[in-house]
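Descriptive analysis of the structure
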Amino acid sequence: MNVKVKRRVHVAAAAIVSADKQQVLIARRPSNVDHGGLWEFPGGKLAPYETGLEGLKRELHEELGIEIRRAQPLIRVHHEYSDKHILLDVWQVHEFAGEPFGREGQAVRWVPMEELVSYPFPAANLPILRAVMLPTEYLITGEEADDERFAGLLERALKEDGVRLVQLRAKGLSTDAYVARAERSLALCRDYGAKLLLNGEPELLERVDADGIHLTSERLMNLERRPIAEGKWLSASTHNQAQLEKAASLGCDFVTLSPLRTTPSHPEVAPMGWHDFQQLVERAGMPVFALGGMTRFDANHARAVGAQGIASIRDFWK
Ligand SMILES: Nc1nc2c([nH]c(=O)n2[C@@H]2O[C@H](COP(=O)(O)OP(=O)(O)OP(=O)(O)O)[C@@H](O)[C@H]2O)c(=O)[nH]1
Ligand SMILES: [Mg+2]
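Rules of the game
- Residues numbered from 1 in each chain as written.
- Chains lettered and ligands numbered in written order.
- Predicted model: local features only at pLDDT ≥ 70, side-chain atom pairs only at ≥ 80, totals over all residues.
- UniProt positions renumbered as here; feature names shortened; annotations may be inferred.
- Helix = DSSP H or I, 4+ residues; strand = E, 2+ residues; numbered from the N terminus.
- Rg over C-alpha atoms; globule rule 2.2 N^0.38 Å.
- Buried ≥ 20, exposed ≤ 12 C-beta atoms within 10 Å, placed from the backbone.
- Contact = placed C-beta atoms within 7 Å.
- Pairing = 2+ DSSP bridges.
- Right-handed = clockwise from strand over helix to strand, strands pointing away.

The protein has the name 8-oxo-dGTP diphosphatase in an unreviewed UniProt entry, where Vreelandella malpeensis is given as its organism. The record held by UniProt for the protein lists under Cofactor (unreviewed entry) the comment "Mg(2+)". Checking UniProt for the protein, the heading Sequence similarities (unreviewed entry) contains the comment "Belongs to the Nudix hydrolase family."

Comments concerning the overall build of the protein
Assigned secondary structure in the protein consists of nine helices and 15 strands. Here the C-alpha atoms of the protein give a radius of gyration of 20 Å, agreeing with the 20 Å that 2.2 N^0.38 yields for 318 residues. Across the 318 residues in the protein, those meeting the buried criterion constitute 38%. For the protein, restricting intrachain contacts to residue pairs at least 6 apart in sequence, the fraction spanning at least 24 positions comes to 60%.

Remarks on the pairing of strand β13 (residues 254–257)
Because side chains alternate across β13, one face comprises the buried residues Phe 254 and Thr 256, and the other comprises Val 255 and Leu 257, equally buried. Summarising the sheet, strand β12 (residues 233–238) and β13 pair through four bridges and their orientation is parallel. Across the sheet, the residue bridging to Thr 238 is Leu 257, located in β13. Each parallel crossover has a hand, and the one from β12 via helix α7 (residues 241–250) to β13 is right-handed.

Some thoughts on the UniProt feature "domain: Nudix hydrolase" (unreviewed entry) in the protein
Within this structure's numbering, the places UniProt gives as "domain: Nudix hydrolase" (unreviewed entry) are residues 6–134. The span residues 6–134 is 16% helix and 43% strand, and its two end C-alpha atoms sit 32 Å from each other.

Structure (C-alpha cells):
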C-alpha cells in the first residue's frame, strides 16, 4: 500500500491596505511556479524557526522591499491542495515604510476593495478576500418599536461609532413593517458606505435590495444549498462545530459564533469562553465574529485569537 503523507506548508501572507483603507496591494505569481499567473497576497513559506510575523517581515522585504511597521492578524485558513496541506496565516498590514515594488519582477498592483473579486486567486484565498472586505465590527440592531427612534439609533452608530456592517434584527415586526424598516435602514447605510444584511427569509432580498441575508442557526441547519446569489453576502449565527461546518458547506461568507460570555438576553446558555472559541475559529475557514457580551474593547483580543472582530447589539445601540 502506498500511503502518501501530504506535505504541510505554513505560509505567511499580507493584506496590505492603503492609508485610506480603500485599496489593497496584490501581486501576480510568476508563470513558472505553483499557481503561476494567479494573483496573491504577498508572502511565502516560513522557515522552521520563524513565527508568522517574523516570516512575513522577511518575505515582504524580499518580495516588495518594504518594512512592516504595524500589522494585526486577519485570518488563518487551512486548505487541502491535491499535493499539500497549507496553512495561510494572513496579516493585515496597516503601516509600512518604503515604496512597494516587485523586487522579483512580479506585477504588483493596488486594487480597490470591491474589485478584488474580479482577480483570479488560488482556491484557498476566498475566505481571505471576504476577510479583507469586512470591517472588525458587526452591529446587530436592538428591539425598538418606534421607527423614528430606530432610525436615530442606527444613524448614531453609523456616524459616531463608524459602524460599516449592520444586521437588521427585528423579531417583533410583521413582514411589511420589517420591509419598511429595511428600506429606511438601507438608505441610511448607503449614506455611510455600510453594508446591510437582513435577518430573515432569503426571499426578503426580492423585496429589499440589501447587501445580503443573515441566517438564524435554525434556518442555517434547514438549508440544503446557498439560498442567495454569490454577489450578495450570506452570514449565519453559529454556536458549535456542527453549525460552523454547515455554514462552510452552504458557502456562507462569514458567521457569528456565540456566546463568548453570559449575556442578559440568554442567561441560561453556558458561555464558551476564549479557549473553545479559538479552537472553533481555527478550523472555520471563514471570517468569524465573536458574539455574546462583546464590546469594542474586546476587538483586539478577538483578532488575536483568529476572529474577524466582534458583533454586538448593546455596545452600539445607545
Ligand atoms: N504568498 C501567498 N501564497 C499563497 C496564497 N494563496 C495560496 O494558495 N498560496 C500558496 O502558498 C504557497 C506559498 O508559497 P510561495 O511561493 O509564496 O513561497 P515563497 O515566497 O517562500 O517562495 P519559494 O519557496 O518558491 O521561494 C504556494 O503554494 C502558493 O500557491 C497567497 O495569497 N499568497
Ligand atoms: Mg512568495
